[in-house]
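Single-letter residue listing:
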Amino acid sequence: MIPLPPGTDVMADAEATARAAAEHLIEMAESAEGDRVAICLSGGSTPKRLYALLASPGFVERVPWSRIHWFFGDDRVVPWDDALSNVRMVREAFGHAAPVPSTHLSFIPSDAGAEAGARRYERMLRDFYGAERLDPNRPLFDLVLLGLGSDGHTASLFPGKPAVAERDSWVAPVPEAGMEPFVPRITLTVPALSSSRSTLFLVNGAGKREPLQRLADGEDLPVRHIRSNGRVRWFIDREAAGL
Ligand SMILES: O=C1O[C@H](COP(=O)(O)O)[C@@H](O)[C@H](O)[C@H]1O
């Protein structure tokens, strides 16, 4: 078995990971103070089952939809209805069953290119937060969901790329990352992703053994830089853990 990050719960399979994540999301939303709950969603294929579960009977009645404001940790610079878009993935997973007020979904702007989109998304986040600087005592997000790409990226922070080192901006353009063919992306940066009341990594499947092993071997992957005001937790299924 691969030595796993601190804060790991090993789950039986992808379904168990999604169910535990749904319970954690509801717990974080219910325990949030004030009338707004901010949740930052991850993309890719892993969290799709979680989002579909939230909109399904047994969960949909328990999620405090009217209080939750949904944000994205990263996206590709493609139209929101493109098959590569995280917006499309979340919309499809929520379907019509999730009663999300339209003003509570903040999509990453994708129509003006990576640079301009990053600036616009940063403005949206700062306006929502109500300040130009992150207060270490007041997290931007109640919950940040993240994944781990098979090549070691998280959000769209790719190992060794400039966005990983960004500490002033909350959002960064990712014009290239060494994956070919690469679609430009926009990503939250380490300080924004680390401003959370809770952070949860979801990692499933045999394809994640390699990046988990690289992490265990001490490689400087972007996830190493992510912090939280509260706990950083990992839900990893047995297959990814090498069990
Ligand atoms: O490209 C992306 O990949 C990572 C990992 O996705 P996964 O489906 O392999 O778990 C994801 O966290 C990120 O948001 C997404 O844009």
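Above: the structure in question.
What counts, and where the lines are drawn
- Residues numbered from 1 in each chain as written.
- Predicted model: local features only at pLDDT ≥ 70, side-chain atom pairs only at ≥ 80, totals over all residues.
- Heavy atoms only, no water.
- Helix = DSSP H or I, 4+ residues; strand = E, 2+ residues; numbered from the N terminus.
- Buried < 20%, exposed > 50% of the residue type's maximum accessible area, 1.4 Å probe, protein only.
- Contact = heavy atoms within 4.5 Å.
- Lys, Arg positive; Asp, Glu negative; His and termini not counted.
- Charge placed at Lys NZ, Arg CZ, Asp CG, Glu CD.
- Pairing = 2+ DSSP bridges.
- Axes fitted to C-alpha atoms, helices over the stretch in contact; angles between N-to-C directions.
- Phe/Tyr/Trp six-rings, centres within 6.5 Å; stacked < 30°, edge-to-face > 60°.
- Lys NZ or Arg CZ within 6 Å of the ring centre and 35° of its normal.
- 1 Å grid on protein atoms, 1.4 Å probe; cavity = no way out; pocket = protein on both sides within 12 Å on 5 of 7 lines; lining within 4 Å.
- Points joined across faces, edges and corners; volume = space filled by probe spheres on them.
- Nonpolar A, V, L, I, M, F, W, Y, C, P; charged D, E, K, R; others polar.

The next subject is the overall build of the chain. The helix and strand tally for the chain stands at eight helices and nine strands. Referenced to the eigenvectors of the C-alpha coordinate spread, the extents of the chain come out at roughly 45 × 40 × 40 Å. Expressed as a percentage of its 243 residues, the buried residues of the chain come to 52%. Counting only contacts in the chain whose residues sit at least 6 apart along the sequence, the fraction spanning at least 24 positions is 77%. Within the chain, one finds 27 positive and 32 negative side-chain charges whose respective centroids are separated by 1 Å.

What links the strands of a sheet is backbone hydrogen bonding, and the strands pair in either a parallel or an antiparallel sense. Overall, parallel pairing links the six strands, which are arranged S1-S9-S8-S5-S2-S3 in an open sheet. Two strands bound the open sheet, and with one partner strand each, they are strand S1 (8–11) and strand S3 (68–72). Taken pair by pair, the neighbouring strands of this sheet meet at an average axis angle of 20 degrees, ignoring direction. In this structure, strand S2 (residues 37–41) lies alongside S3, joined through five bridges in parallel fashion.

With that settled, the discussion passes to the pairing of S2. Of all five residues in S2, five are buried; the element is thus mostly enclosed. What you see with S2 is no split at all: Val37, Ile39 and Leu41 on one side and Ala38 and Cys40 on the other are buried throughout. Taken together, the two bridges between S2 and strand S5 (residues 143–146) define a ladder with parallel strand orientation. The residue bridging Ile39 from the neighbouring strand is Leu143, located in S5.

Moving on to the packing of aromatic side chains. What describes a pair of aromatic rings is the distance from one ring centre to the other and the angle between the planes of the rings. A full pass over the atoms with the stated rule returns eleven aromatic pairs. Centre to centre, the rings of Trp70 and Phe94 are 5.3 Å apart; their planes meet at 65 degrees, and the pair counts as edge-to-face. Pair noted here: Trp70 is in strand S3 and Phe94 is in helix H3 (residues 86–94), with a separation of 24 residues, a long-range link. The pair formed by Trp70 and Phe94 is uniform in burial state, with each residue classed as buried. Following the ring pairs from residue to residue traces out a cluster consisting of Tyr51, Trp65, Trp70 and Phe94. Sitting over the face of the ring of Phe128, Arg36 holds its NZ or CZ atom 3.8 Å from the ring centroid. The ring centre of Tyr129 lies 3.8 Å from the NZ or CZ of Arg138, which sits over that ring.

What follows is about the layout of surface pockets. Summary: where empty space remains is shown by rolling a probe the size of a single water molecule over the atoms. In this structure, the largest pocket spans a volume of roughly 360 Å³. Along its surface, the largest pocket is lined by 22 residues, and Gly43, Gly44, Leu148, Gly149 and His153 are the ones closest to its centre. Taken together, the residues of the lining of the largest pocket sort by class into six nonpolar, eleven polar and five charged. In this structure, the second largest pocket encloses a volume near 300 Å³.

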